[in-house]
Amino acid sequence: MKVISTISELRTALKGINKIALVPTMGNLHEGHLALVRKAKKCADCVVVSIYVNPLQFLPNEDFNQYPRTLSEDCKLLQNLDVDIAFVPDDKILFPVKQKILVLLPPVADQFEGKFRPGFFRGVATIVLKLFNIIQPDIALFGKKDYQQLHIIRLMVQQLDLPIEILDEEIIRASDGLALSSRNRYLNDIQRIEACHLYQTLNTVKTDIQAGQNRFASLEENAVRVLKTRGWSVDYIAVLNQVSLIPAHPEDKALVVLAAARIGQTRLIDNIEILKS
Ligand code: PAF
């Protein structure tokens, strides 16, 4: 595996390669990322994994400084999966001057995650577009854990006519159901035990919907109440149409429930897809 930090070296290394797959990450890799890498290996001649903690997608009060940076462990994991290139630029490479051109996103980016983290998706879309332009991949892979992010990137690719196929991958969960995330390492032992209740609560919503309940607002309220009673502070739990990410209609067949909630200082997100018969 080549570990490359400059754009010119990367472009040289990629010259003439037929099919390139990109897995963009912020590092601190776990099985969720590795599942994306394994899928990428199956569909491309060359797999590039980018590792960059993107300052544009953190609010001033968020965990940018604290975010786990584990480059040497990450590179070992990628080497074991036979990744071709780890692209590990630093701030000076990606932002030699202040980034003044940013991607303008539609209102869906101001809801849910975007409402609680204003500017987050603009930061994500901008860095992803920069990475797409630098690497020019044929395929890029994103996990379903960041469901709204995946939706917005698909929209950006469509609307900006980017010649890139976006592939997704299912959420990888710990044995108790907690979705794997780099931020899980902020949880103490007691919080870690409690954390699986986010997924359990989503599962209850799914069971209720599949049993025929279609008063989604009251299911959402109930889920929020359950988590609050357990000590969580809940940003949102929303039953949405899987394709449009607008609030679900009782007739919709493919739904997704998005959730974000805080346990102690740690904010977790999760989601569950629901197909109705
Ligand atoms: O999902 C992430 O880890 C990040 O949002 C991404 C896509 C790598 C952009 O920084």
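> Give me the sheet that holds strand β1 (residues 2–4): which residues, what numbers.
Strands pair in a sheet through their backbones, by hydrogen bonds, and they do so in one of two ways: parallel or antiparallel. Spatial strand order, β1-β4-β3-β2-β5-β6: 6 strands in an open sheet with parallel pairing. Whereas interior strands pair on both sides, the edge strands pair on one side only; in this sheet they are β1 and β6 (165–169). Adjacent strand axes in the sheet meet at a mean angle of 25°, parallel and antiparallel pairs treated alike. Bridge count for strand β3 (residues 46–51) against strand β4 (residues 85–87) is 3 bridges, and the pairing is parallel. Within the sheet, the bridge partner assigned to Ser50 lies in β4 and is Phe87. Against the sheet, helix α2 (residues 31–43) engages β2 (20–25), β3, β5 (139–143) and β6, with an angle of about 155° to β5. Helix α3 (residues 71–80) contacts β1, β3 and β4 of the sheet and is inclined by roughly 165° relative to β3.

> Describe the packing of helix α9 (residues 197–210) against helix α10 (residues 216–229), listing the residues and the values that go with them.
As a packed pair, α9 and α10 sit with axes 10 Å apart at the nearest point and diverge in direction by 155°. As summarised for this structure, α9 and α10 are arranged roughly antiparallel, according to the angle between their axes. Handedness of the crossing formed by α9 with α10: right-handed. Residues His197, Leu198, Thr201, Val205, Asp208 and Ile209 of α9 pack against Phe216, Leu219, Ala223, Val226 and Leu227 of α10.

Conventions and cut-offs
- Residues numbered from 1 in each chain as written.
- Predicted model: local features only at pLDDT ≥ 70, side-chain atom pairs only at ≥ 80, totals over all residues.
- Heavy atoms only, no water.
- Pairing = 2+ DSSP bridges.
- Helix = DSSP H or I, 4+ residues; strand = E, 2+ residues; numbered from the N terminus.
- Axes fitted to C-alpha atoms, helices over the stretch in contact; angles between N-to-C directions.
- Contact = heavy atoms within 4.5 Å.
- Parallel < 35°, antiparallel > 145°, perpendicular 65-115°, else oblique.
- Left-handed = near helix turned anticlockwise from the far one by under 90°.

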